[in-house]
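Reading the structure
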Amino acid sequence: MENPNMFRIEDRVAKVALVFSYVLLLLGGLFGFLQVLSRAPGMPRLETPQLYYDGLTLHGVALAILWTAFFIVALAVFVITRELKINMNAPLLRGGCILAVGGSLAGAVAILTGQATVLYTFYPPLQASPLFFIALAVILIGTWLISAAVIEAIWRWKKLNPGKEVPLATYGVFTTIAIWLLATPPLAYAVIARSLPMSLFNAPVDVLEWRLWFWYFGHPLVYFWLVPAVTIWYTILPKVLGTEVYSKTAAKAAFVLYLIASVPVGLHHQFVDPGVHPVYKYLHTVLTYLVAVPSFITAFNVIATLEKAGRMRGGKGLFGWITALPWGKDPVFTGITFAIILFGIAGFSGVVNASFNVNYNVHNTAWIVGHFHLTVGGGVTLTFIATSFLLVPLLFGRDYVGKKFLIAVPTLWFVGQLIFGISYHIVGLLHAPRRTYIAEAGYLNDPNLLNSLHLVGQWIPWLQLGAIGGVIFALGGALFLLLTFATIFRGPRIGLSGGELQISPTPGPATIFDKLGLLALIAIVIIVIAYSLPAVEIYSRGLSPAPPYWPSGAPAG
Ligand code: HEM
Ligand SMILES: [Cu+2]
């Protein structure tokens, strides 16, 4: 029998990361709730303008960057230990976790004390206190240590198991961590070599150079969230339905495409930036459409898997398999499939965003907010929430409390997201801006403008509907956190599974997909091609650094 304590240290790190991820979800979600009300005329405005922008900064950092990353750490450690049944390098894992948690706390302090009103993109020349940038650097170093522990464990397993195929869930974890390692060095350069000197010595920063390296990171960041969600769709979703993914080969092919095409596309966030040649922007547009291909493959594969499971349950005819699935009965199944549907809807607006010319119509509008709530807030976050229903009992050895309420979590999240997402897409098409405390804005309080034919008057009902949707899914989040914290601290004890957990299809012999080093090398070559062009353009023209600027006046002291 397995020694149940074999993964004591790994499990402790996974538990700390998981609990911390839920704390971040709570903190970030709280400001989401306040924000969506602040943006809707006629709704309670519970924030001062300063708190609105500080809260929005925290919302972005805590949710988009940290909640996802900490959940992914817990998931990665759990998958590696349970699936490969090997220990991980404890000092790397523990050290990385301490740095990442410590850095996150320091960053939260900097934001909440008004020392970093710079939003989660901290574009220069917006100035912030050194604490904020040091915190970011420490978090990055922490994530690298954890990533090293993951990669080292997979490498060791491969050496011990020559000729064996990497199991699918581990393959997804490898892809996730490889994307993170490819994506973060230029971000570290922007933070440590540019933003930190700016905050310490008021050193001027070249805005375009900085944005190039920030968005080099910013796009693969979304695949760093998505790939683990897709890994869950390929492994845990079939598992709860008692089957296997329809095509393991197509699943691995999708991971490979995510790996090689998710980085060299960052210029699609800079379509409106002057100083980058349109041909390079066009190249990144084409590569962006390439990285949509694995998502289409995933859609086919997941739907085929659902059909297989539905027919196994006796579903007949063209659509009978859909109704045969356990909708509304199994919260894990329901949560994950709702997440997939939300992600699918967001795919449509994603294609609009990615289009070089159509993008101009939606850039920096509420449309973008609608888009990424359906993707990272819907597809990814709801997948992670539903997976928690399995992961928390397995890691903490406690049964979920309030089981009959669990189904309400994905339901509220799904309905709220749909209402919020659709309203924000529409109000974005009417050119309502994002990142603006618009309920306080002059133009929304000007009767002449509101009564004219100007679009502004048409925003109001959509902003209000968006607020209703936002409050509904915030309620789903609150219920989730309440039940989950109650489970972690008070849930009835059950035995720990300890040993093996078969979540991937039975692995066969190694294939071309298992040449992980080669795949990473191909990814690097494409990145170098796609980024050397704009980099040469920017550096050969010469930098023109701009002096820093405090967004709301330098903090006292
Ligand atoms: C709990 C319910 C949530 C509500 C009510 C909510 C609401 C909002 C609203 C209204 C904005 C736009 C603010 C503006 O542009 O002025 C926003 C921004 C944002 N939200 Fe959420 N949100 C929620 C959850 C989430 C989740 C779960 C994630 C990601 C995992 C997320 C990620 C973001 C990001 C990245 C931004 C952009 C921040 C920026 O522009 O700097 N939100 N949210
Ligand atoms: Cu992108």
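What comes next is a walk through the structure. The structure displayed is predicted, hence computed values, not measured ones.

**A short note on the overall build of the chain**
From N to C terminus, the chain includes 15 helices and 0 strands. Against the 2.2 N^0.38 benchmark of 24 Å for 557 residues, the chain shows a C-alpha radius of gyration of 23 Å, consistent with a compact globule. Oriented by its inertia axes, the alpha-carbon framework of the chain measures out at about 70 × 50 × 45 Å. Put simply, the chain has 557 residues, and 57% of those count as buried.

**Overview of the environment of Leu24**
Examined against the element boundaries, Leu24 turns out to sit in helix 1 (residues 8-38). Sequence separation between Leu24 and Trp67 is 43 residues; the distance between their C-alpha atoms is 5.5 Å. Beyond its immediate chain neighbours, meaning those up to four positions away, Leu24 contacts Gly29, Ala62, Leu63, Leu66, Trp67 and Phe70.

**Concerning unusual backbone geometry**
Following Pro124, the chain continues to Pro125 via a peptide bond in cis, the omega torsion being 10°. Checked against the element boundaries, Pro125 lands in the loop between helix 3 (90-112) and helix 4 (130-160). Phi at Lys85 is positive, roughly 55°, even though this residue is not glycine. Tracing the chain through its elements places Lys85 in the loop between helix 2 (49-84) and helix 3.

**Concerning the coordination of the copper ion (ligand 2)**
Distances from the copper ion (ligand 2) to its protein donors, His219 (ND1), His268 (NE2) and His269 (NE2), fall at 1.7 to 2.0 Å. Written as a sequence motif, the donor arrangement for the copper ion (ligand 2) is H-x48-H-H. According to the relative accessible area criterion, His268 is buried, its value standing at 10%.

**Concerning a nonpolar patch on the surface**
A surface patch of nonpolar side chains, about 540 Å² in accessible area, is lined by Ile512, Leu518, Leu521, Ile522, Val525 and Ile529. With respect to the helices and strands, the residue Ile529 is situated in helix 15 (residues 516-541).

About the cut-offs
- Residues numbered from 1 in each chain as written.
- Chains lettered and ligands numbered in written order.
- Predicted model: local features only at pLDDT ≥ 70, side-chain atom pairs only at ≥ 80, totals over all residues.
- Heavy atoms only, no water.
- Helix = DSSP H or I, 4+ residues; strand = E, 2+ residues; numbered from the N terminus.
- Rg over C-alpha atoms; globule rule 2.2 N^0.38 Å.
- Buried < 20%, exposed > 50% of the residue type's maximum accessible area, 1.4 Å probe, protein only.
- Contact = heavy atoms within 4.5 Å.
- Donors = N, O, S within 2.8 Å, 3.2 Å for Na, K, Ca; no water.
- Patch = residues over 30% accessible without salt bridge, like charges linked within 9 Å, V, L, I, M, F, W, Y side chains within 5 Å.
- Areas by Shrake-Rupley, 256 points an atom, 1.4 Å probe, with all protein chains shown as cover.
- Salt bridge = Lys/Arg side-chain N within 4 Å of Asp/Glu carboxyl O.

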